[in-house]
Amino acid sequence: MCLALPARVISLDATGQSGQVDLGGVRKTVSFALLDEVAVGDHVIVHVGYALSRLDPDEAAQTLALFADLAAHHAQASSEGGA
């Protein structure tokens, strides 16, 4: 299974071809070479170190909220002895 995650662009290198993204508090350096244009503050979908596409800010917020709900559900199930 492959998983691509939404991330917020927090910095760009001098060429604009790579930079750092924030993935829920984790900062990673990724390549933006597959995208035409990226700016600090954009949300992108990241898979294995490459930004694959830009996301609409509302779509990014919805996706991140779903991940947060899943994490909360998992934490609750774990504390109750479930899976």
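Residues numbered from 1 in each chain as written. Predicted model: local features only at pLDDT ≥ 70, side-chain atom pairs only at ≥ 80, totals over all residues. Heavy atoms only, no water.

## Some words on the pairing of strand 5 (residues 50-55)
So the rule is basically this: Pairing between strands is defined by DSSP: at least two bridges between the two strands are required. Strands here mean DSSP runs of E at least two residues long; helices mean DSSP runs of H or I at least four residues long; both are numbered from the N terminus.
Alignment of strand 4 (residues 43-47) against strand 5, held across 5 bridges, turns out to be antiparallel. When the sheet's bridge partners are listed, H47 is paired in strand 5 with Y50. Between the end of strand 4 and the start of strand 5, which pair antiparallel, lie 2 residues, with V48 showing a positive phi angle near 45 degrees.

## Structural notes on a nonpolar patch on the surface
Basically, it comes down to this: Within this analysis, patches are made of residues with over 30% relative accessible area and no salt bridge. Like charges are joined at 9 Å or less; nonpolar side chains (Val, Leu, Ile, Met, Phe, Trp, Tyr) at 5 Å or less. For accessible areas, the Shrake-Rupley method is used with a probe of radius 1.4 Å. Any residue's cover is judged against the shown protein chains and nothing else. What makes a salt bridge here is a side-chain nitrogen of Lys or Arg within 4 Å of a carboxyl oxygen of Asp or Glu, nothing more.
Taken together, L3, L64, F67 and L70 make up a surface patch of nonpolar side chains, about 360 Å² in accessible area. One can find L3 in the segment before strand 1 (5-12).

## Let's talk about the environment of I45
Formally: It only takes one pair of heavy atoms within 4.5 Å for two residues to be counted as in contact.
Inspection of the secondary structure assignment puts I45 in strand 4. Separated by 37 residues in the primary sequence, I45 and R8 have C-alpha atoms spaced 8.9 Å apart. Non-local contacts of I45, meaning those with residues more than four positions away in its chain, are made with A4, L5, P6, Y50, A51, L52, S53 and L55.

## As for the nonpolar core
Short version of the rule: We call a set of buried Ala, Val, Leu, Ile, Met, Phe, Trp, Tyr and Cys residues a nonpolar core when their side-chain atoms join them within 4.5 Å. For each residue, the accessible area found with a 1.4 Å probe, counting protein chains only, is set against the maximum for its type, and the residue is called buried under 20%, exposed over 50%, and partly exposed in between.
A7, V9, V21, V30, F32, L35, V38, V44, V46 and A51 together form the largest nonpolar core, which totals 10 residues. Looking at this core, the elements that each hand over two or more residues are strand 1 and strand 4. Those residues in contact with V9 that sit more than four places away from it in its chain are Q20, V21, F32, V38, A39, V40, G41, D42 and V44.

From the geometry alone we can't say anything about function, so treat these as descriptive.
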